[in-house]
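So you can see what is in the structure, the chains are spelled out below.
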Amino acid sequence: MIEVKNVSHAFEIGKKGNKTIIPVIDDVTFSVNKGEIVTIVGRSGSGKSTLLNIISGFIKANEGEIWIDGIKVSDFNEAKFADFRLGHLGFIFQSFQLIPSMTAYQNVELPLVLKGINEKERKERTENTLKKVGLYEYREHYPSELSGGQQQRVSIARALIVNPPLILADEPTGSLDSETETNLLEFIKELNKELGITFLIITHDETVAKFGDRTIEIADGKVLEGSR
Ligand SMILES: Nc1ncnc2c1ncn2[C@@H]1O[C@H](COP(=O)(O)OP(=O)(O)OP(=O)(O)O)[C@@H](O)[C@H]1O
């Protein structure tokens, strides 16, 4: 499902004449199979978010290749990657990243609006997806009128609505209490089993790391031997 091949990346900071190069990802190679739940762990600053941003095309790596679902995406330009994301990738973030001025319904519907899908189909799919995450009754609520766990479910619904084969998550339970975290992890497992969605999840949390099928450990931008 995902193949990361010899990916390296360094950020350049500072102005002309006084530039500093910060190497962040160093020759990383690993793969994630279809239907797996894989977690990425590592200390703060080890390069986890950068790696996820490279896989999802928000950062173009200096070196290496990324393949998703048999497609070499590392050659895509920005527009092509944006289009690819709308059809193939769902995202879940620690801070939910919902639009505060939109209701739960509108937040979930948004990817379909961006894809140019007609209103009748949008309504049917948005309502079904809200039902799937158990939030149909809350569809007219704004994010500020929902609990953390409910907001995370809205963000999962927004990720699910394009039927992505792969969901990428950056600390998805980081803002949730332990009971809500357990419920969310069970829900992720259900989606994985029932819909066959592959998950790649960054986490600091041992419970989340243990819940995955496999863990990839990153230290100083490298994958630790034996964790592939
Ligand atoms: N846009 C950027 N420009 C310059 N340096 C950056 C940029 N983004 C990240 N870095 C640096 O890259 C390193 C890795 O950051 P990254 O966010 O990938 O780590 P992380 O493992 O996800 O950390 P955390 O667990 O704290 O979120 C850090 O030293 C960070 O300062």
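Cut-offs and rules
Residues numbered from 1 in each chain as written. Predicted model: local features only at pLDDT ≥ 70, side-chain atom pairs only at ≥ 80, totals over all residues. Helix = DSSP H or I, 4+ residues; strand = E, 2+ residues; numbered from the N terminus. Buried ≥ 20, exposed ≤ 12 C-beta atoms within 10 Å, placed from the backbone. Contact = placed C-beta atoms within 7 Å. Near = placed C-beta within 6 Å. Expected span 1.5 Å × (residues − 1). Arc of directions from axis to C-beta. Pairing = 2+ DSSP bridges. Axes fitted to C-alpha atoms, helices over the stretch in contact; angles between N-to-C directions.

(A) How the structure looks around the overall build of the chain. Looking only at helices and strands, one finds seven helices and 10 strands in the chain. Seen through its principal axes, the chain has C-alpha atoms that stretch 55 × 35 × 35 Å. Burial statistics for the chain: of 228 residues in total, 37% are counted as buried. Considering only intrachain contacts with a sequence separation of at least 6, the fraction spanning at least 24 residues in the chain is 71%.

(B) Molecular detail of the site of the ligand. Surveying the vicinity of the ligand reveals the residues F11, I13, I22, V24, G42, S44, G45, S46, G47, K48, S49 and T50. A total of three residues in the shell around the ligand trace back to one element, the largest contributor, which is helix α1 (residues 48–55).

(C) Here's a closer look at helix α6 (residues 178–195). Between the first and last C-alpha of α6 there are 25 Å, a value that for 18 residues agrees with the 26 Å anticipated at 1.5 Å per step. Where α6 is concerned, the buried positions are E181, L184, L185, I188 and L191. The buried residues of α6 occupy an angular sector of 120° when the element is viewed end-on, so they sit on one face. Away from its buried face by more than 90 degrees, α6 exposes E179, E186, E190, K193 and E194. Residues of α6 that are buried make contact with α5 (148–160), β8 (198–202) and α7 (206–211). Positive backbone phi, at 70°, marks G196, one or two positions downstream of α6.

(D) Summary view of the sheet that holds strand β3 (residues 37–41). Sheet architecture is open: six strands sit in the order β6-β7-β8-β3-β9-β10, paired in mixed fashion. Unpaired on one side and paired on the other, β6 (89–93) and β10 (222–223) mark the two borders of the sheet. The pairing of strand β9 (residues 214–219) with β10 spans two bridges and is classified as antiparallel. Its bridge partner lying in β10, A219 is registered against K222. Together, β3, β7 (166–170), β8 and β9 form the strand contacts of α1, whose direction differs from that of β7 by roughly 155°. α5 contacts β6 and β7 of the sheet and is inclined by roughly 165° relative to β6.

(E) The arrangement of the pairing of β8 in detail. Counting buried positions over the five residues of β8 gives five, a clear majority of the element. Strand direction decides the pairing type here: β3 and β8, joined by four bridges, are parallel. Looking across to β8, one finds that T39 is bridged to I201. Note that β7 and β8 share five bridges and pair parallel. Looking at β8, one finds that A169 is bridged to I201.

(F) Seen up close, helix α3 (residues 104–114). Of the residues making up α3, those classed as buried are A104, Y105, N107, V108, E109, P111 and L112. Directly beyond the C-terminal end of α3, a positive phi value near 75° is found at G116.

(G) Broad picture of the environment of Q94. Mapped onto the elements, Q94 comes out in the loop between β6 and α3. Residue classification places Q94 among the partly exposed positions, given that 17 C-beta atoms sit within 10 Å. Residues Q94 and I202, 108 residues apart in the sequence, show an inter-C-alpha distance of 10.0 Å. Beyond its immediate chain neighbours, meaning those up to four positions away, Q94 contacts D170, E171, P172, G174 and S175.

(H) Fine view of the sheet that holds strand β5 (residues 71–72). Spatially, four strands are ordered β2-β1-β4-β5 in an open sheet, and the strand pairing comes out antiparallel. Two strands bound the open sheet, and with one partner strand each, they are β2 (20–32) and β5. The pairing of strand β1 (residues 2–13) with β2 spans nine bridges and is antiparallel. Within β2, the position partnered with E3 by the bridge is S31.

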